[in-house]
Amino acid sequence: MICDVCKTHTATVYLTQIVDGNMKKINLCESCSKEKGVADPTGFALADLLLGLGENQQVEQVTQTEHCPVCGFTQADFKKTGRLGCSTCYNTFSDALGSLIKAMHKGTQHTGKIPARLYRDLARTDRLNELRKHLEDAVSKEDYEKAANLRDEIRQLEGGRSQPI
Amino acid sequence: MKIDPILTRAGDWLSGGSRHPIVISSRVRLARNLAKLPFPGWAKKSERVRILEEIKPEVDLLPAIKDGFSEQLNELTATEKQVLVERHLISREHAAKGMGSAVVINPPQTISIMINEEDHLRMQAITCGLDLEKTFQMIDEIDTALEAQLDFAFDEELGYLTACPTNVGTGMRASAMVHLPGLVLGEQINQVVNSVNKIGLAVRGLYGEGTEAMGNLFQVSNQTTLGEKEDQIIERLQKVIETLIQRETQARESLLATKRTTLMDQIGRAYGILTHAYSISSKEALNLISILRLGIDLGFFPEEGRAIINQLLMDTQPAHLQNLSQQKLAAEERDHLRADIVRERLKKFPRPPNTKSPGQ
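Here is what the cut-offs are and how they apply
Residues numbered from 1 in each chain as written. Chains lettered and ligands numbered in written order. Predicted model: local features only at pLDDT ≥ 70, side-chain atom pairs only at ≥ 80, totals over all residues. Heavy atoms only, no water. Helix = DSSP H or I, 4+ residues; strand = E, 2+ residues; numbered from the N terminus. Contact = heavy atoms within 4.5 Å. Areas by Shrake-Rupley, 256 points an atom, 1.4 Å probe, with all protein chains shown as cover. Pairing = 2+ DSSP bridges. Axes fitted to C-alpha atoms, helices over the stretch in contact; angles between N-to-C directions. Buried area = accessible area lost by both parts, 1.4 Å probe. Salt bridge = Lys/Arg side-chain N within 4 Å of Asp/Glu carboxyl O. Polar contact = N/O pair within 3.5 Å; in protein donor to acceptor, adjacent residues only side chain to side chain. Nonpolar A, V, L, I, M, F, W, Y, C, P; charged D, E, K, R; others polar. Phe/Tyr/Trp six-rings, centres within 6.5 Å; stacked < 30°, edge-to-face > 60°. Buried < 20%, exposed > 50% of the residue type's maximum accessible area, 1.4 Å probe, protein only. Lys NZ or Arg CZ within 6 Å of the ring centre and 35° of its normal. pLDDT = per-residue confidence, 0-100.

## Some words on the overall build of chain A
Logical step 1: From N to C terminus, chain A includes eight helices and two strands.
Logical step 2: Ordered by position from the N terminus, the helices and strands of chain A form the series β-β-α-α-α-α-α-α-α-α.
Logical step 3: In chain A, the proportion of contacts linking residues at least 24 apart, taken out of those at least 6 apart, comes to 39%.
Logical step 4: Carbon and sulfur atoms provide 50% of the accessible area of chain A, an area that totals close to 10500 Å².

## With respect to the sheet that holds strand β4 (residues 111-115) of chain B
For sheets, the rule is that strands pair by backbone hydrogen bonds, running either parallel or antiparallel.
Residue and element names in this part refer to chain B.
Logical step 1: An order of β2-β3-β4-β5-β1-β8-β10-β9 is seen for the eight strands of this open sheet, with the pairing classed as antiparallel. Because the sheet does not close on itself, it has two edges, and the strands there are β2 (69-72) and β9 (201-204). When the angles between neighbouring strand axes are averaged without regard to direction, this sheet yields 15°.
Logical step 2: Alignment of β9 against strand β10 (residues 217-222), held across four bridges, turns out to be antiparallel. Across the sheet, the residue bridging to Val203 is Val220, located in β10.

## Thoughts on the interface of chain A and chain B
Logical step 1: Taken together, the contact pairs 33 residues of chain A with 43 residues of chain B.
Logical step 2: In terms of surface lost to chain B, no three residues of chain A exceed A:Tyr90, A:His110 and A:Lys113, which account for 23% of the buried area on that side.
Logical step 3: Counting the contacts that link chain A with chain B gives three salt bridges.
Logical step 4: Among the ionic pairs, A:Lys113 bridges to B:Asp140, the shortest N-O distance being 2.6 Å.
Logical step 5: At the junction of chain A with chain B, the criterion picks out 19 residue pairs in polar contact (both at pLDDT 80 or more).
Logical step 6: Going through the elements one at a time, α4 (75-81), α6 (94-104) and α7 (116-140) of chain A are the ones with two or more residues in the side of chain A that touches chain B.
Logical step 7: Considering only residue class, the side of chain A that touches chain B consists of 16 nonpolar, twelve polar and five charged.

## Things to note about the packing of aromatic side chains
Logical step 1: As enumerated under the stated definition, the model contains five aromatic pairs over all chains in all.
Logical step 2: Ring geometry for A:Phe73 versus A:Phe93: centroids 6.4 Å apart, planes at 65°, classification edge-to-face. In this pair, A:Phe73 sits in the loop between α3 (55-63) and α4 while A:Phe93 sits in the loop between α5 (89-92) and α6, placing the two residues 20 residues apart along the sequence.
Logical step 3: Among the residues examined, A:Phe73 registers a relative accessible area of 1% and is labelled buried.
Logical step 4: When its relative accessible area of 5% is taken as the criterion, A:Phe93 is described as buried.
Logical step 5: Between B:Phe154 and B:Tyr160 the ring centres are 5.0 Å apart and the planes differ by 75°, which places this aromatic pair in the edge-to-face class. Accessibility assignment for this pair places B:Phe154 and B:Tyr160 in one class, buried.
Logical step 6: An aromatic cluster is built from A:Phe73, A:Phe93 and B:Trp42, whose rings are joined through pairwise contacts.
Logical step 7: B:Arg32 extends its terminal NZ or CZ atom over the ring of B:Tyr160, reaching a point 3.4 Å from the ring centre.

## Describing helix α12 (residues 305-315) of chain B
Three- or four-residue spacings in an α-helix give side chains the same orientation, since the helix completes a turn every 3.6 residues.
Logical step 1: Burial of α12(B) is extensive: nine of the eleven residues sit out of reach of the surface.
Logical step 2: If you check which residues of α12(B) are buried, you get B:Gly305, B:Arg306, B:Ile308, B:Ile309, B:Asn310, B:Leu312, B:Leu313, B:Met314 and B:Asp315.

## Some thoughts on the confidence of the model for chain A
All names here are of chain A.
Logical step 1: Averaged over every residue, the pLDDT of chain A is 74; residues scoring 70 or more account for 67%.
Logical step 2: In this model, residues 39-50 is a region of pLDDT below 50 whose contacts with residues beyond four sequence positions or in other chains number 24 contacts.
Logical step 3: Counted against residues more than four places away or in other chains, residues 161-165, with its pLDDT under 50, gives eight contacts.

This is the structure in structure tokens:
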């Protein structure tokens, strides 16, 4: 197969691009592919490996062309670079990233350090859930004095995010 | 602080602290990003500059960085950046950056903070010998201080969000640089590397990912960052490194017991070439210096030689030579200068013993 660009050398890089939902195939020789900046084997190999997308899947997913609302990044960009555009991309592309992250890590739930301000928020949410459960119990047991106390405590907690716990 | 003191003085992780015959240094790095802003690789130049302007003042204010070195990468020459790479203070990727990226280093060169590398923040601590726990604490304190001022991208499920999904969760890469000449000479290294890889840790060359193992130096690090706590990752790594130390010690003992002459021959030849060569490549120098270091560990040379060897490990690297000569050197000229320096420094180095028994 001959390179589509220089029409002289043998093509060694076969690039499939999706433009406006149509699949375009282009065959490049090594030097032309380098010139076009598509010869970064790590970027390509990584993204391919990571997403594990076959050509069919690729067409289907990219025709939807989802853009990250914050940074405008697309899944095709990820396939090209193996890196994401911004932290919101993790939400935008959560479906495709989920299986990938599962495959590359020990688990899917972070168990390590949490930023201190978030830690306070999380602890507050946990405490609120606990109190609400106690409140339900108290109501079902018709212990209205306890329920009133719990209700006050919940209101106080809900009142301010920075309230001490 | 200017870059000169950094360039002329080795970091504490190499020159000071506790000596370990097998583990050269311990390193822990954390990756962090600002929420809702494009990662450096996707950000426009103007956005990178804005992100840098948001982060750098906060980093410069850290008490741990006081009187440190803080500079934007477009203000550094290629040689200066390369020296920082050889010191393991910035990554090779970071050295390629210019406008919109910066590096901040504390005076003892044990903490370095890269701004706008692959992530907005790559913070590392590096210490001498094997102490991953303390090294983690050093960088954890920096992280805690910065998170009070900066809004880091964090997700309850995925943890710290990073440009590459391989780093999400803790964003932590802990590693140790180990010197394994016994396993290399005893031809057990491949087997050991394979078994370490199998349990989910990476073994890499001297300068990290995709680099060759030179001077029998290897970096062992965690591969995964999500699903385990920081201290669990460190404990797992620590255990593996302890096993590596054990295997290396056994390999050295076995070489001494069964291949003493071969070992002495290697050490004698390394000394001979290093003290008499007039042109030597950085790879050859590193490999031979590694053998001299083994000679010290085994008691064939007195302990005083270690400081000279450690200093040579750094000073024979290409950018260090370039920096020393203060002029542009071709590869061949560098090899000549390298040989001159090695011969000069080794004048003070004791000769290898003339008998086959160590320490006499």
